[in-house]
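Structural description and commentary
Residues per chain are reported as follows:
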Amino acid sequence: IIFKKVKKLRLFLTYINRKQYKTKEIRFMNYHNITKDDILNGDGLRTVLWVAGCSHHCPECQNPITWDANGGILFDEAAKQELFAELEKDYVAGITFSGGDPLNEANVETLLSLAKEIKERFPNKTMWIYSGYTWEQVMYPIITDDFNPARDMYLQARRELVSICDVFCDGRYVKECRDVNKPWVGSDNQRVIDVQKSLNEGTVFLHGDAKDDFERE
């Protein structure tokens, strides 16, 4: 009986906390997994955070289970500390945000805060981010002149998040352009962009071995 009462109390407190956060318009982000010592999603051994939520729904996507922003589990303090524990290791090169789409509206607020904290605590670690959005859509979005503060804040936060990162793997997966030989991405239209160099030079520069005709054009 005592156990049931405690359980009901915890559920009630969780409900109250969520209502309070909702009132403050704080978004919750869900995630599906944290993979460690990963060599497939960026340079070196990496920690990868697989977030929930993607509106692109690319045909033959490898992770359709991550499309639902309400899927997976809540990204909480314990999950954040799990990431930090990995980033403390000398041999871990950095963190990669994947999913799902890290730039999905459900994820940007939490990831922006997380990225800033990682940059401050682990300045020598690199940050990679994947998205179905392109560099041009993120950096130069087409905005109508209607009054929409929520949209404008999201677009600004999305741009800031990418700008903090070191490498941006952009673009939807296109099955007709599938390329198994292209490093880090799955189809030929996708690019592996050196974010900081691109921002400094005002044009897209590709990262390391990913340099190809995109950069020469």
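Residues numbered from 1 in each chain as written. Predicted model: local features only at pLDDT ≥ 70, side-chain atom pairs only at ≥ 80, totals over all residues. Heavy atoms only, no water.

Remarks on the sheet that holds strand 3 (residues 73-74)
Through backbone hydrogen bonds, the strands of a sheet pair up, either in parallel or in antiparallel fashion. Reading across the sheet, the seven strands line up as 3-1-2-4-5-6-7 and stay open at both edges, with mixed pairing between neighbours. A single partner strand is all that each edge strand has here, and the edge strands are strand 3 and strand 7 (191-194). Relative to strand 3, strand 1 (residues 30-38) is paired through two bridges, and the arrangement is antiparallel. Opposite tyrosine 31, over in strand 3, you have isoleucine 73 as the bridge partner. Relative to strand 1, helix 2 (residues 77-87) is tilted by about 15 degrees, and along the sheet it contacts strand 1, strand 2 (45-51) and strand 4 (92-98). In the packing of helix 3 (residues 108-121) onto the sheet, contacts are made with strand 2, strand 4 and strand 5 (126-130), and the angle to strand 4 comes to roughly 170 degrees. (Pairing = 2+ DSSP bridges. Helix = DSSP H or I, 4+ residues; strand = E, 2+ residues; numbered from the N terminus. Contact = heavy atoms within 4.5 Å. Axes fitted to C-alpha atoms, helices over the stretch in contact; angles between N-to-C directions.)

Digging into the pattern of salt bridges
One pass over the structure, following the stated rule, counts 13 salt bridges. Among the salt bridges present, the one from lysine 119 reaches aspartate 166, with a minimum N-O distance of 3.7 Å. Here the residue lysine 119 occupies a position in helix 3, and aspartate 166 occupies one in the loop between helix 5 (149-164) and strand 6 (167-170), the gap between them amounting to 47 residues. Its salt-bridge partner being arginine 151, residue aspartate 146 comes within 3.0 Å of it at the nearest N-O pair. Connected through shared salt-bridge partners, Glu77, Lys80 and Glu117 make up one network. (Salt bridge = Lys/Arg side-chain N within 4 Å of Asp/Glu carboxyl O.)

Some details on the pairing of strand 4
Most of strand 4 is tucked away, with six of its seven residues classed as buried. With six bridges connecting them, strand 2 and strand 4 associate as parallel partners. Bridged to leucine 45 within strand 4 is valine 92. The pairing of strand 4 with strand 5 spans four bridges and is classified as parallel. Paired with threonine 96 across the strands is tryptophan 128, a residue of strand 5. (Buried < 20%, exposed > 50% of the residue type's maximum accessible area, 1.4 Å probe, protein only.)

Regarding helix 5
Taking 1.5 Å per residue as the helical rise, helix 5 with its 16 residues ought to reach 22 Å, and the 22 Å between its terminal C-alpha atoms agrees with that figure. Taken as a whole, helix 5 has its buried residues at Arg151, Tyr154, Leu155, Ala157, Arg158, Leu161, Val162, Ser163 and Ile164. The elements touched by buried residues of helix 5 are helix 3, strand 5, helix 4 (135-139), strand 6 and helix 6 (195-201). (Expected span 1.5 Å × (residues − 1).)

What to know about the confidence of the model for the protein chain
Per-residue confidence for the protein chain gives a mean pLDDT of 87, with 83% of residues at or over 70. Note on residues 2-26: pLDDT is under 50 here. Beyond four places in sequence and across chains, it has six contacts. (pLDDT = per-residue confidence, 0-100.)

Quick word on unusual backbone geometry
Glycine 99 connects to glycine 100 through a cis peptide bond whose omega is 20 degrees. Of note in this structure, histidine 57 is not a glycine but carries a positive phi near 50 degrees. Tracing the backbone through its elements, the reader meets histidine 57 in the loop between strand 2 and strand 3. Of note in this structure, glutamate 60 is not a glycine but carries a positive phi near 65 degrees. Locating glutamate 60 in the fold gives a position in the loop between strand 2 and strand 3. Note on glutamate 60: relative accessible area 56%, which makes it exposed.

Brief notes about the nonpolar core
Formed by 39 residues in total, the largest nonpolar core has its most connected members in Leu49, Phe97, Leu114, Ile118 and Phe168. The next biggest cluster of nonpolar side chains, apart from the first, holds six residues, and it includes Trp128, Tyr130, Val167 and Cys169. (Core = buried A, V, L, I, M, F, W, Y, C linked by side-chain atoms within 4.5 Å.)

Brief notes about the pairing of strand 6
In strand 6, alternate side chains face the same way, and those of Val167 and Cys169 on one face and Phe168 and Asp170 on the other are all buried. Bridge count for strand 5 against strand 6 is three bridges, and the pairing is parallel. Considered in strand 6, the bridge of isoleucine 129 is made with phenylalanine 168. Direction of pairing for strand 6 relative to strand 7: antiparallel, over a ladder of four bridges. Bridge assignment links phenylalanine 168 to a residue of strand 7, and that residue is isoleucine 193.

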